Amino acid sequence: MQITLPHVLVSQLSDLIAMKMGLYYPQKRWGDLERAIAAAAPELDMPDTETAARHLLSTSLTRRQIEILACRLTVGETYFFREQKCLDVLEQSILPELIRKCKENNRQLRIWSAGCCTGEEPYSIAILLDRLFKKHGEEWNATILATDINPVFLDRAAEGLYREWAFRGTPDWIKERYFKRKKNGLFEIVPHIRKRVTFSNLNLAEDVYASPANATRAVDVIFCRNVLMYFSSPAVKRIGQGFHRSLVDYGWLIVSPVEMSGDSFPQFRLHTVSGTGLYQKIDSHDGHGKDNYFSFGPSSDAFYKVASVPPPSLQSWEMPLSLESMEPQILPVASSPFTQLTSVQDVASQSANQERSNTLYHEARRYADRGDLTRAVKQCEEAISANKLNPAAYYLLATIRQELGQAKEAMRCLMNTLYLDPDLVLAHFALGGLCLTQGKSREAERHFDNALSLLNGYSSNDILPDSGGLTAGDLTHVITSIRTCDSLNHRK
Ligand SMILES: C[S@@+](CC[C@H](N)C(=O)[O-])C[C@H]1O[C@@H](n2cnc3c(N)ncnc32)[C@H](O)[C@@H]1O
């Protein structure tokens, strides 16, 4: 296609898209880029292509603008059981072993389909896991997170309706067993598979992972197939680093055969099995072992703003479990009922305990990020018994309990966290999520409202404390998407 915009403008646009969305538009594809901007102009409220291009270059792109562009720039080519060879290797060799290890360590298997498009990939994984759990006589014990930048694809994925063409690589029996044929000729994914997948909007070019807030930490297997082939090579490298942070030690990264390259993923070891290649994370202690590298929970430093409050009695540790009575108890420091410290020795021993608690907490985070949840729980509990005033330890314990499927214990820990740090937006958010999984939509709404009103105090680009790079705008968006998906599910 002929370019009508000034070359310098298209060149700047191509750089902007690479930076903000990862997508690569070399000169030979500038025509496509211009066509996409032309198509997006009305939605961007711009009278013509050139005004739209200049406007996009003059502002920092909002999420809405990125979504509008994503709908015009992304490729939605996908189908069920794509690249069957790779799925066979996973089914026969890798997943059974991971399921066994997760069971041994009493944790859930965590899968992330990054760039999930309209859902064919994550639903294929859910079907595969469903068969594996049944084959081994196990209860389902896995989470599948499916993310994409394109909101239209995500809505279609959540809807779970497919045309015959989506099954072009799929044996018939899968369609018969896992889909219901509708009168209009579409096939609907069965509810017990649909509920296994959580869809969410995530732009891989943004530095928002690994983070507990969007469930992208301590992941066992990341599928990112046929996504990075459209990306610039600096973006692919950055994303490779992000995936490395998100994976547990020895976790797996699955890209498509055409996306394999030693340059892009130097932190991974490539295994070739039955003619298919899979990357494995080798070691998380590669010199980046700084605190923010371990992003399982907030660092305790952020929490110590309330450390001058004397230790709570056991009442907060043993909070009752009725949800109504579990509303965060917001206690101003000045009105704290706890007795004040009296002697110099008291102060010295309190500070030694805080220090010990801090050290134990950091160890717990490292274990948690490596997926060793049993040790992580133990260290967290020790951190709490050294200093019952350590909200970071409660919060970390909550995220681990949640991962272990111990929802009530997780809630208890989150309530303690909020008792000590009522402003911790991530804890409000996590409570909302837990309530939703228990079907308590009204309580979830309240917790999400709390989170949103705290988020109002941030500007959109502010990074939330120790969240692994998540911005206030990102979390606001995640909450809004969850609410939308929840109401969508209620309509079904
Ligand atoms: C060709 S599809 C691949 C779907 C599936 N993974 C597969 O292999 O069949 C590529 C997907 O990547 C998504 N994508 C592109 N850029 C992205 C970004 N920056 N962040 C997240 N997803 C992105 C697109 O929206 C699209 O759904």
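None of the values given here were measured: they were computed from a predicted structure. (Residues numbered from 1 in each chain as written. Predicted model: local features only at pLDDT ≥ 70, side-chain atom pairs only at ≥ 80, totals over all residues. Heavy atoms only, no water.)

Undergrad: Quick one: what's the story with the overall build of the protein chain, residue by residue and with numbers?
TA: Helix and strand counts for the protein chain stand at 19 helices and ten strands. Counting over 492 residues, the protein chain shows a buried share of 55%. Pairs at least 24 residues apart make up 73% of the contacts formed inside the protein chain by residues separated by at least 6 positions. Looking at the protein chain as shown, the accessible area adds up to about 21800 Å², and 51% of this sits on carbon and sulfur atoms. (Helix = DSSP H or I, 4+ residues; strand = E, 2+ residues; numbered from the N terminus. Buried < 20%, exposed > 50% of the residue type's maximum accessible area, 1.4 Å probe, protein only. Contact = heavy atoms within 4.5 Å. Areas by Shrake-Rupley, 256 points an atom, 1.4 Å probe, with all protein chains shown as cover.)

Undergrad: Describe unusual backbone geometry, listing the residues and the values that go with them.
TA: Between Tyr-209 and Ala-210 the backbone carries a cis peptide bond, its omega angle lying at 5°. Secondary-structure assignment places Ala-210 in the loop between β6 (197–201) and β7 (219–223). Backbone geometry places Ala-218, a non-glycine residue, at a positive phi of 50°. By the element assignment, Ala-218 lies in the loop between β6 and β7.

Undergrad: How would you summarise the sheet that holds strand β5 (residues 187–189) if you had to cite specific residues and measurements?
TA: Read from one edge to the other, the open sheet built from three strands follows the order β3-β5-β4, with strand pairing classed as antiparallel. Lying at the two open borders of the sheet, with one neighbouring strand each, are β3 (161–162) and β4 (179–181). The pairing of β4 with β5 spans three bridges and is antiparallel. In the strand pairing of β5, Lys-180 is matched with Glu-188. (Pairing = 2+ DSSP bridges.)

Undergrad: So, the sheet that holds β6: which residues are in play, and what are the values?
TA: Spatially, seven strands are ordered β6-β2-β1-β7-β8-β10-β9 in an open sheet, and the strand pairing comes out mixed. Looking at the sheet topology across the chains shown, the edges are occupied by β6 and β9 (268–273). With direction set aside, neighbouring strand axes in the sheet form an average angle of 25°. Here three bridges tie strand β1 (residues 109–114) to β7, and the two strands are oriented parallel to one another. The partner of Ile-111 across the bridge, within β7, is Val-221. The sheet contacts of helix α7 (residues 151–159) involve β2 (142–148) and β6, and relative to β6 the element is tilted by about 165°. (Axes fitted to C-alpha atoms, helices over the stretch in contact; angles between N-to-C directions.)

Undergrad: Kindly report on the site of the ligand, identifying the contributing residues and their values.
TA: Around the ligand sit 21 residues in total, of which Thr-78, Arg-82, Asp-148, Arg-225 and Asn-226 are the nearest. In the model, an oxygen atom of the ligand is placed 2.8 Å from a nitrogen or oxygen of the Asn-226 side chain. Calculation on the ligand without its partners gives an accessible area of 600 Å², and the protein chains cover 99% of this total. The residue inventory of the shell around the ligand, partitioned by class, reads ten nonpolar, six polar and five charged. (Near = heavy atom within 4 Å. Polar contact = N/O pair within 3.5 Å; in protein donor to acceptor, adjacent residues only side chain to side chain. Nonpolar A, V, L, I, M, F, W, Y, C, P; charged D, E, K, R; others polar.)

Undergrad: With reference to specific residues and values, describe the confidence of the model for the protein chain.
TA: The pLDDT averaged across the protein chain works out to 83; a share of 84% of its residues lies at or above 70. Overall, residues 286–342 carries pLDDT values under 50, and its contacts beyond four positions in sequence, including any with other chains, amount to 142 contacts. (pLDDT = per-residue confidence, 0-100.)

Undergrad: Can you break down the packing of aromatic side chains residue by residue, with the values?
TA: Scanning the model with the defined rule gives 16 aromatic pairs in all. Both rings, one in Phe-80 and one in Phe-167, keep their centres 4.9 Å apart while their planes meet at 15°; by these two values the pair is stacked. Pair noted here: Phe-80 is in the loop between α4 (63–73) and α5 (84–104) and Phe-167 is in the loop between β3 and α8 (172–178), with a separation of 87 residues, a long-range link. With 5.4 Å between their ring centres and 75° between their planes, Trp-112 and Tyr-209 make a pair best called edge-to-face. Here the residue Trp-112 occupies a position in strand β1, and Tyr-209 occupies one in the loop between β6 and β7, the gap between them amounting to 97 residues. Under the relative-accessibility criterion, Trp-112 is labelled buried at 0%. For Tyr-209, a relative accessible area of 2% puts it in the buried group. Taken together, Phe-80, Tyr-123, Tyr-162, Phe-167, Phe-179, Phe-187 and Phe-199 form an aromatic cluster joined through their ring pairs. (Phe/Tyr/Trp six-rings, centres within 6.5 Å; stacked < 30°, edge-to-face > 60°.)

Undergrad: Which residues make up the pattern of salt bridges, and what are the values?
TA: Per the counting criterion, the structure on display carries 26 salt bridges. With a closest N to O distance of 2.8 Å, Glu-77 and Arg-168 form a salt bridge. Of this pair, Glu-77 sits in the loop between α4 and α5 while Arg-168 sits in the loop between β3 and α8, placing them 91 residues apart in sequence. Its relative accessible area of 41% is what places Glu-77 among the partly exposed residues. For Glu-91, the salt bridge goes to Arg-131, with nearest N and O atoms at 3.2 Å. Residue Glu-91 is located in helix α5, and its partner Arg-131 is located in helix α6 (residues 120–135); the two are separated by 40 residues in the primary sequence. Among the residues examined, Glu-91 registers a relative accessible area of 17% and is labelled buried. For Arg-131, a relative accessible area of 24% puts it in the partly exposed group. (Salt bridge = Lys/Arg side-chain N within 4 Å of Asp/Glu carboxyl O.)

Undergrad: Give me the lowdown on the nonpolar core, citing residues and values where you can.
TA: Grouped together as the largest cluster of nonpolar side chains are 100 residues, with contacts concentrated most on Trp-112, Leu-204, Phe-243 and Leu-475. Element by element, the count of residues in this core is highest for helix α16 (residues 407–420), at nine residues. In this structure, Leu-98, Leu-109, Leu-154 and Tyr-162 belong to the second largest nonpolar core, which totals 46 residues. (Core = buried A, V, L, I, M, F, W, Y, C linked by side-chain atoms within 4.5 Å.)

Undergrad: Describe the packing of helix α2 (residues 30–40) against α4, and please don't skip the residues or the numbers.
TA: Relative to each other, α2 and α4 sit at 125°, their axes nearing to 9 Å. Relative to α4, the element α2 is oriented oblique. Note on packing geometry: the crossing formed by α2 with α4 is right-handed. When α2 is examined against α4, the residues Leu-33, Ala-36, Ile-37, Ala-39 and Ala-40 are found in contact with a partner set consisting of Ile-68, Leu-69, Arg-72 and Leu-73. (Parallel < 35°, antiparallel > 145°, perpendicular 65-115°, else oblique. Left-handed = near helix turned anticlockwise from the far one by under 90°.)

Undergrad: Could you give me a rundown of the UniProt feature "repeat: TPR" (unreviewed entry) in the protein chain, with the residues and numbers involved?
TA: The UniProt feature table records "repeat: TPR" (unreviewed entry) at residues 391–424. Span residues 391–424 is 79% helix and 0% strand, its end C-alpha atoms 9 Å apart. (UniProt positions renumbered as here; feature names shortened; annotations may be inferred.)

Undergrad: If you had to explain α16 to someone new, which residues and values would you point to?
TA: The end-to-end C-alpha distance of α16 is 20 Å, a good match for the 20 Å that 14 residues give at a rise of 1.5 Å each. Taking burial as the measure, the 14 residues of α16 include eleven buried ones, the bulk of the element. Buried within α16 are the following residues: Ala-407, Ala-410, Met-411, Cys-413, Leu-414, Met-415, Asn-416, Thr-417, Leu-418, Tyr-419 and Leu-420. (Expected span 1.5 Å × (residues − 1).)

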